[in-house]
Amino acid sequence: MAPIFDSVLGAIGNTPLVALDRLRGGKGDGPRILAKLEFFSPGGSVKDRAALNMLEEAEKSGSLRAGQMVVELTSGNMGIGLAVACAVKGYRFTAVMSEGNSSERWRVMKALGAKVVLVPQASGGVPGKVTGEDLALAERKAGQLVRRYGAYRVDQFKNPANPAAHRASTGEEIWSQTGGRVDCFVAIAGTAGTFVGTAGALKAHNPAVKCFVVEPAGAPILAGRRVTSQKHKLQGTGYALVPEVWDPSLCDGYLTVTDSEAVVTARRLASKEGILSGFSGGANVAACLKLAKRLPKAGTIVTIIPDTGLKYLSTDLFP
Ligand code: PMP
């Protein structure tokens with residue numbers, strides 16, 4: 001039975017791992033695909049883990065003090081995670097987000113007491129398709145706010161407490177939930193905190209675990225391939241930049257997914273497995289299905305459902 005937590009922060013992590021046996025057409029041949037459902041955390045995404053850890057590490061080091069404002073650049077999910085943690089801990093929080101991300105995200109942050117600064121997309125920007133250029137504009141705005149208010153900048157793209165959260169929790173949970181029976185790990189990267197931390201923990205237990213990163217088909221920058229289009233629907237990921245926390249030594253292979261593969265798979269996840277995922281969860285599972293064809297003898301492939309389809313009802317994901 002779940003315990004009584006002192007606050008909702010106790011409910012972050014310890015998420016379920018679910019076998020996608022219906023999606024791959026029964027238990028028959030081929031690897032089993034297990035999905036870690038991160039929408040069970042209070043902010044509804046995988047980013048709650050990193051948000052809480054980055055704040056707690058900053059408190060410990062003294063770089064975040066009582067009464068100080070917290071500022072962060074976000075595609076939405078980190079901002080929601082920080083809004084949850086700041087509400088409980090009593091910090092004022094300002095999120096800076098590109099207007100290209102879905103409206104559910106700023107609405108949720110505001111509901112949780114955050115101030116949200118929306119930054120218009122670069123010229124020619126397409127709503128729902130946030131590029132590295134859009135991110136750079138939001139980054140400039142975040143820098144201005146930090147200077148103006150003497151705020152604490154979380155800096156998820158650089159902060160080592162981001163991957164560390166996944167190393168200590170996401171990776172360890174997968175290892176113990178599977179009883180160490182995991183052959184492959186597959187995850188898409190935004191900051192790459194989820195991939196780097198989880199892969200690091202799994203490989204520390206067993207260096208033979210193969211870890212695959214997922215990228216949008218037009219922007220396979222981590223694979224060292226040409227970026228042909230930065231515009232894709234996989235919000236929160238695939239910014240065509242190499243994040244500072246990226247560690248290629250943990251990556252055994254690169255997979256790409258198109259928008260339509262991600263969308264079709266997210267719809268199948270909903271209608272066949274009852275799992276309401278966002279675009280990036282659809283991308284992760286689409287990549288697992290490709291990997292399963294390539295490695296038919298792999299026993300178990302584990303992936304992440306980073307957030308919920310409820311955050312995309314304003315988009316064309318579930319018409
Ligand atoms: N999926 C979604 C929906 C996200 O918001 C994010 C983070 N922005 C990710 C995946 C990727 O997570 P990470 O930053 O840990 O790579």
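Quick caveat, the model's predicted, so the values are computed rather than measured.

Chemist: Explain the sheet that holds strand 5 (residues 115-119) here, please?
Modeler: Two modes of strand pairing occur in sheets, parallel and antiparallel, and in both the strands are linked by backbone hydrogen bonds. Taken together, the four strands give an open sheet; going across it, the order is 5-4-3-6, and neighbouring strands pair in parallel fashion. Each edge of the sheet is formed by a strand with only one pairing partner; in this case those strands are strand 5 and strand 6 (152-153). Set on the sheet, helix 2 (residues 77-89) makes contact with strand 3 (69-74) and strand 4 (92-98); between it and strand 3 the angle comes to about 160°.

Chemist: Help me out: how do you make sense of the pairing of strand 3 in this one?
Modeler: Consecutive side chains of a regular strand alternate in pointing toward one face of the sheet and then the other. The element strand 3 is largely enclosed, with a buried count of six among its six residues. Alternating positions in strand 3 separate into two faces, Met69, Val71 and Leu73 on one and Val70, Glu72 and Thr74 on the other, with burial throughout. Handedness of the crossover joining strand 3 and strand 4 through helix 2: right-handed. As paired strands, strand 3 and strand 6 are joined by two bridges and run parallel to one another. The partner of Val71 across the bridge, within strand 6, is Arg153.

Chemist: Help me out: how do you make sense of the pattern of salt bridges in this one?
Modeler: Note that side chains of opposite charge can pair when their charged atoms are close. Evaluation of the coordinates by the stated rule reveals 16 salt bridges. Here Arg105 makes a salt bridge to Asp307, at a shortest N to O gap of 3.6 Å. In this pair, Arg105 sits in helix 3 (residues 103-111) while Asp307 sits in the segment after strand 10 (300-305), placing the two residues 202 residues apart along the sequence. Linked through salt bridges whose partners overlap, the residues forming this network are Lys36, Glu38, Arg49 and Glu173.

Chemist: I tried to follow a nonpolar patch on the surface on my own but got confused; where do I start?
Modeler: Residues Leu276, Leu310 and Leu313 make up a contiguous nonpolar surface patch of about 270 Å² in total accessible area. Within the element layout of this structure, Leu310 appears in the segment after strand 10.

Chemist: How should I be thinking about helix 4 (residues 132-149) in this particular structure?
Modeler: For an α-helix the count is 3.6 residues per turn, leaving residues at separations of three or four pointing the same way. End to end, helix 4 covers 26 Å across 18 residues, agreeing with the expected 26 Å (1.5 Å per residue, within 8%). Among all positions of helix 4, only Gly132, Asp134, Leu135, Ala138, Ala142, Gly143, Leu145 and Val146 are buried. Buried residues in helix 4 make contact with strand 3, strand 4, strand 5 and strand 6. Just downstream of helix 4, Gly150 is the residue with a positive phi angle, here 60°.

Conventions we followed
Residues numbered from 1 in each chain as written. Predicted model: local features only at pLDDT ≥ 70, side-chain atom pairs only at ≥ 80, totals over all residues. Heavy atoms only, no water. Pairing = 2+ DSSP bridges. Helix = DSSP H or I, 4+ residues; strand = E, 2+ residues; numbered from the N terminus. Contact = heavy atoms within 4.5 Å. Axes fitted to C-alpha atoms, helices over the stretch in contact; angles between N-to-C directions. Buried < 20%, exposed > 50% of the residue type's maximum accessible area, 1.4 Å probe, protein only. Right-handed = clockwise from strand over helix to strand, strands pointing away. Salt bridge = Lys/Arg side-chain N within 4 Å of Asp/Glu carboxyl O. Patch = residues over 30% accessible without salt bridge, like charges linked within 9 Å, V, L, I, M, F, W, Y side chains within 5 Å. Areas by Shrake-Rupley, 256 points an atom, 1.4 Å probe, with all protein chains shown as cover. Expected span 1.5 Å × (residues − 1).

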